[in-house]
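# Observations on chain architecture
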Amino acid sequence: MAERGRQLMFAGRNVLVAGAGVTGKSVAAALLGTGARVTVTDAAADRLADLPDGVTTAAGLTTPPEGTDLVVTSPGWPPTAPLLTAAAEAGIEVIGEVELAWRLGETLEHPPVWLAVTGTDGKTTTVGMLESILLASGAKAVACGNIGLPVIDAVLGGYDVLAVELSSYQLHWQTSMRAHAAAVLNIAEDHLEWHGTMAAYVADKGKIFDGAGLAIYNADDVETERLAQDVPQRVGFSTGTPAAGQFGVTDGWLVHGDLLLAPVAEVRPVGPHNVANALAAAALARAYGVSPEAVRAGLGAFQPPAHRVELVAEDHGVRYVNDSKATNTHAAAGSLGAFESVVWIAGGLLHGAQVADLVAEAAPRLRGAVLIGADQDVFAAALARHAPDVPVHRVPSGDDDPMLTAVRVANAMALAGDVVLLAPAAKSHDLFASYVHRGAAFADAVRDVLAERG
């Protein structure tokens, strides 16, 4: 009956899928399984070559084909894309993959439980922690969403419970999702070029709490608490001593009230921001009924993803840490706050973001700073104002290997006990293909510099 319900939902309807990337391919396959007539469009014609049999393709559409009943957009497409605005003007419903996954899940006899996570930073780490905890409990679980596996594949994959990472892009297009429990980790300025305004960005983040059985908010972040205020069942987490009923830290342990969950020393990656991530993951898992023992076991088994406060090497008492994923000031602040004495490699594309508050907060920890990338002037001005005694080196724009130069300079500045930290606080695309490329370049440079020293 469940399969028949799924087939009836879109049978005979004309559905246009916008985007032929990983998500678009999964959406197209799922829609074909419902009996829909599926057309896929993408600006890159070569992406349309590897789609399921039965799909009609059309490169570069800017208006929906005649007779289109529904548009399902991939998360990278902004609402201002001509195709999507044309669909809206024609009265055609536009939804995202997450909304489609929820609707199809509702037709299943045993739909999976959704434990959903969003926030400006820490989503992937938290969802990875949550998946590890759920697996340690014996649940048939998987991490999905912005972390990589499309939500629609996970929903139709026979799992009992999903650890769902949701970006603001994905949340923008959803209206029906009602998560068993949902968490907003933090809110800071980001992706305004997509959302238009900070208010719109925050509103889209807040959609994760719509109809949620439990709202989990960061008690140290007033905006997340505000977003949760209308949810009848809600609980906070804090990296300090928790208020009554909240999750927090007491005597070196993650706790929920009097219940001990895991030692802070066992949380990886290191840093207060990752303790917060672990608390959020624990709160989500406990909402699903996971035992404290499984929380500890899962956090202990968790393998942090690359480029997130990742220890690359240690030599002569100096640690070299790759946090290339710190692509904004909020993430970089968490990373810098994890260490007492830092030689900071920073810079890239700020897209108008300011770094003065970040530098002022980090100044007492800075042994030195090495600047790379397009927006060095902004970093240099903030350092001159708020950390005037900190040595600053600027890698010239014409340097053939800016990361190798940066690591050589940082290595010369560092003393035993220091951390050479790549936490750019900026996007990577001025010098690198992605934050992954930037992090790999840092790791390679560290190895090369240490080999030179012998």
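To start, this report covers the structure provided alongside it. In this text the structure is predicted, and so the values were computed from the model without any measurement.

### Some thoughts on the overall build of the protein chain
- In terms of helices and strands, the protein chain carries 17 helices and 20 strands.
- Relative to a compact globule of 454 residues, whose C-alpha radius of gyration would be 22 Å, the protein chain shows 23 Å and is just as compact.
- A principal-axis box enclosing the C-alpha atoms of the protein chain has dimensions of 70 × 55 × 40 Å.
- Here the protein chain, with 454 residues, has 54% of them falling under the buried criterion.
- In the protein chain, of all internal contacts separated by at least 6 residues, the share reaching a separation of at least 24 is 65%.

### Side note on the packing of aromatic side chains
- Overall, the coordinates contain two aromatic pairs when judged by the stated rule.
- Ring plane angle 80° and centroid distance 5.0 Å describe the contact between tryptophan 102 and tryptophan 114, whose orientation is recorded as edge-to-face. Of this pair, tryptophan 102 sits in helix H4 (residues 97-105) while tryptophan 114 sits in strand S6 (residues 113-118), and the two are 12 residues apart along the sequence. Grouping residues by exposure puts tryptophan 102 and tryptophan 114 together as buried.
- Across the ring face of tyrosine 159, the terminal group of lysine 140 is positioned such that the distance to the ring centre comes to 6.0 Å.

### Comments concerning the environment of proline 388
- With respect to the helices and strands, the residue proline 388 is situated in the loop between helix H15 (376-386) and strand S19 (392-394).
- Classification of proline 388 as exposed rests on a relative accessible area of 58%.
- Considered as a pair, proline 388 and alanine 363 are 25 residues apart in the sequence and their alpha carbons are 9.0 Å apart.

### Topic: the sheet that holds strand S20 (residues 419-422)
- Here we have six strands laid out as an open sheet, ordered S15-S16-S20-S17-S18-S19, and mixed in their pairing. Each end of this open sheet is capped by a strand with a single partner; those strands are strand S15 (310-315) and S19. Across the sheet, the axes of successive neighbouring strands diverge by a mean angle of 15°, strand direction being ignored.
- As paired strands, strand S17 (residues 342-346) and S20 are joined by four bridges and run parallel to one another. For tryptophan 344, the partnering residue across the bridge sits in S20 and is leucine 421.
- Strands in contact with H15 are S17, strand S18 (366-371) and S19; relative to S18, the strand with the most contacts, it is inclined by about 155°.

### A few points about the side chain of asparagine 274
- Mapping asparagine 274 onto the fold places it in helix H11 (residues 272-287).
- A distance of 3.0 Å separates a polar atom in the side chain of asparagine 274 from a polar atom in the side chain of asparagine 277.
- Among all residues touching asparagine 274, those that are not within four sequence positions of it are Thr125, Met129, Val267, Pro269 and Val309.

### Observations regarding the packing of helix H2 (residues 22-32) against H4
- The interhelical angle for the contact between H2 and H4, taken along N-to-C directions, is 30°, at an axis separation of 11 Å. With respect to their mutual orientation, H2 and H4 come out roughly parallel. The interaxial crossing formed by H2 with H4 has left-handed handedness. Mapping the contact onto sequence places Thr23, Val27, Ala30 and Leu31 in H2 and Glu97, Leu100 and Leu104 in H4.
- Here the contact of H2 with H4 is built from residues that sort into five nonpolar, one polar and one charged.

### A short note on the environment of valine 151
- Here valine 151 shows up in helix H6 (residues 151-155).
- Between the alpha carbons of valine 151 and proline 305 there is a distance of 19 Å; along the sequence they are 154 residues apart.
- Excluding residues within four positions of it along the chain, valine 151 makes contact with Glu97, Val98, Ala101, Trp114, Cys144, Gly145 and Val164.

### A short note on the pairing of strand S13 (residues 253-256)
- As judged from the four bridges shared by strand S12 (residues 247-250) and S13, these two strands associate in the antiparallel manner. Within S13, the residue paired with valine 249 across the bridge is leucine 254.
- Here S12 folds back onto S13, and the loop between the two strands holds two residues, one of which, aspartate 251, carries a positive phi near 50°.
- Pairing between S13 and strand S14 (residues 259-263): four bridges, direction antiparallel.

### Examining empty space enclosed by the protein
- Across all of its chains, the model carries one cavity of 30 Å³ or more by this definition.
- In this structure, the largest cavity encloses a volume near 40 Å³.
- Around the largest cavity, the lining residues are Thr73, Ser74, Pro75, Gly96, Glu97, Val98, Gln170 and Trp173.
- Across the lining of the largest cavity, the residue classes tally to three nonpolar, four polar and one charged.

### Notes on the nonpolar core
- Leu31, Val40, Leu100, Trp114, Ile208 and Phe209 are the most contacted members of the largest nonpolar core, which totals 49 residues.
- In contact with tryptophan 114, not counting residues within four places along its chain, are Val98, Ala101, Trp102, Val151, Val155, Leu162, Val164, Met177, Ala179, His180 and Ala181.

### Let's talk about the pattern of salt bridges
- Within this structure, the stated rule accounts for 11 salt bridges.
- With a closest N to O distance of 3.6 Å, arginine 47 and aspartate 42 form a salt bridge.
- Taken together, the shared-partner salt bridges connect Glu93, Glu99 and Arg103 into one network.

### Topic: the sheet that holds strand S1 (residues 14-18)
- In space, the five strands of this open sheet follow the order S3-S2-S1-S4-S5, with parallel pairing throughout. What marks the edges here is a single partner per strand, and that holds for strand S3 (56-57) and strand S5 (93-96).
- Here S1 pairs with strand S4 (residues 70-73) via four bridges, running parallel. Bridging across to S4, valine 17 finds its partner in valine 72.
- Its contacts with the sheet put H4 on S4 and S5, and the angle it makes with S5 is roughly 90°.

Here is what the cut-offs are and how they apply
- Residues numbered from 1 in each chain as written.
- Predicted model: local features only at pLDDT ≥ 70, side-chain atom pairs only at ≥ 80, totals over all residues.
- Heavy atoms only, no water.
- Helix = DSSP H or I, 4+ residues; strand = E, 2+ residues; numbered from the N terminus.
- Rg over C-alpha atoms; globule rule 2.2 N^0.38 Å.
- Buried < 20%, exposed > 50% of the residue type's maximum accessible area, 1.4 Å probe, protein only.
- Contact = heavy atoms within 4.5 Å.
- Phe/Tyr/Trp six-rings, centres within 6.5 Å; stacked < 30°, edge-to-face > 60°.
- Lys NZ or Arg CZ within 6 Å of the ring centre and 35° of its normal.
- Pairing = 2+ DSSP bridges.
- Axes fitted to C-alpha atoms, helices over the stretch in contact; angles between N-to-C directions.
- Polar contact = N/O pair within 3.5 Å; in protein donor to acceptor, adjacent residues only side chain to side chain.
- Parallel < 35°, antiparallel > 145°, perpendicular 65-115°, else oblique.
- Left-handed = near helix turned anticlockwise from the far one by under 90°.
- Nonpolar A, V, L, I, M, F, W, Y, C, P; charged D, E, K, R; others polar.
- 1 Å grid on protein atoms, 1.4 Å probe; cavity = no way out; pocket = protein on both sides within 12 Å on 5 of 7 lines; lining within 4 Å.
- Points joined across faces, edges and corners; volume = space filled by probe spheres on them.
- Core = buried A, V, L, I, M, F, W, Y, C linked by side-chain atoms within 4.5 Å.
- Salt bridge = Lys/Arg side-chain N within 4 Å of Asp/Glu carboxyl O.

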